[in-house]
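These are the residues of each chain, in order.
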Amino acid sequence: MRKRSSMLRFATAFIGALSLFGSSSSLALADTDRVKVVWQDLHYPPIGFTAGPLTGEGFMQQTRNWFIERLPQFDHEPREIIIARFIEQARHGTILCSTFLVQTEVRKKFLTYSTPLFEMRPVSLIVAKDRMNDVTSATINGHVDLSLIARQNQLSVGIPVGYRFGEEFTQQLADLRAAPLTAQAGELPLLVGMFDAGRLDALLAYEANVIYHQKQGQINRRIASLPIKDTMLQPVSVSCTTSEGGDQLIDAVNQILSTDENRREVAGFYTHWMSQARRANFLNTLSD
């Protein structure tokens, strides 16, 4: 009798242990079912800072972190990935997401994009105000024609290397590059130094990049930012590798963006790097 009772107790304990093991296994499986998202990080002031006192304060880094806080159903890992490597990995199906990538027809073949967060000003012609008289005759309806700037051959324009220029003004850019006295190329910080020293009259750059250098005390000349003929505002979106997990995250992002309050909060990260003259107008143009 005693032996049977001991066996019964042993069997009960064994079944209980199996149940506990099964429960733990189910939890482990549930954990593995969570979608892990690797988010692109990038050092490209002021879009992203991965070194220095402003680390993590780039406006697209802040946007990414804002979404991470509101998407607890996913596992998130920010990782510094240059654009070329991001594109290569995304093509092979790794679930990667980014707030840094502008839409192109090629990228849309393997990336899914959210609805726009906001529209960012494209590359502009940043001109020293003391040289504005040389730009007036090349400006039509507030937009400067780079081909006319090139033909006039009066402005020395710095063209940064590493910039992605829109296809819509390829010919203008080619004309500007071919002008013997107006086009110079180099890293933007170098060109900024030349501009501030008066060795360049203008820069072909994103206004936000130039304002960053102003805030760092590296540009003391007064500037004007002119939109370029045939360019349009660029929609900024969250992008993810086209996959079940990536599609799930984009659906969740779109749900968050369905309220005007959330869209305005995200846009606020960008407005920090806008000129005061444009900030209020930008916020007013956001859809209600």
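For the structure, check the block above.
Nothing here was measured: the structure is a model prediction, and the numbers come from that model.

Caption draft 1: Representation of the packing of helix H2 (residues 59–69) against helix H10 (residues 260–271). Between H2 and H10, the least distance of the axes is 7 Å, while the angle of their chain directions is 150 degrees. By the angle between their axes, H2 is roughly antiparallel relative to H10. The handedness of the crossing between H2 and H10 comes out as right-handed. From H2, Phe59, Gln62, Thr63, Trp66 and Phe67 reach across to H10, where they touch Asn262, Glu265, Val266, Phe269 and Tyr270. Of the residues that constitute the contact of H2 with H10, the class distribution is 6 nonpolar, 3 polar and 1 charged.

Caption draft 2: Region of interest: the pattern of salt bridges. Summed over all chains, the structure comprises 15 salt bridges. One salt bridge in this structure joins Arg131 and Asp134, with 2.6 Å as the shortest N-O distance. Asp260 is the salt-bridge partner of Arg263, the closest N and O atoms lying 3.9 Å from each other. With a gap of 3 residues between them, Arg263 and Asp260 both fall in helix H10, about one helical turn apart. Overall, the relative accessible area of 15% leaves Arg263 in the buried class. Ionic contacts of the salt-bridge type, sharing partners, join the residues Lys36, Glu77 and Arg79 into one network.

Caption draft 3: View of unusual backbone geometry. Of note, the bond from Pro45 into Pro46 is cis; its omega dihedral lies within 30 degrees of zero at 0 degrees. You can see Pro46 is positioned in the loop between strand S1 (36–41) and H2. Positive phi, normally seen in glycine, also occurs at Asp230, with a value near 75 degrees. Among the structural elements, Asp230 can be located in the loop between strand S12 (223–226) and strand S13 (234–236).

So, how was this worked out
Residues numbered from 1 in each chain as written. Predicted model: local features only at pLDDT ≥ 70, side-chain atom pairs only at ≥ 80, totals over all residues. Heavy atoms only, no water. Axes fitted to C-alpha atoms, helices over the stretch in contact; angles between N-to-C directions. Helix = DSSP H or I, 4+ residues; strand = E, 2+ residues; numbered from the N terminus. Parallel < 35°, antiparallel > 145°, perpendicular 65-115°, else oblique. Left-handed = near helix turned anticlockwise from the far one by under 90°. Contact = heavy atoms within 4.5 Å. Nonpolar A, V, L, I, M, F, W, Y, C, P; charged D, E, K, R; others polar. Salt bridge = Lys/Arg side-chain N within 4 Å of Asp/Glu carboxyl O. Buried < 20%, exposed > 50% of the residue type's maximum accessible area, 1.4 Å probe, protein only.

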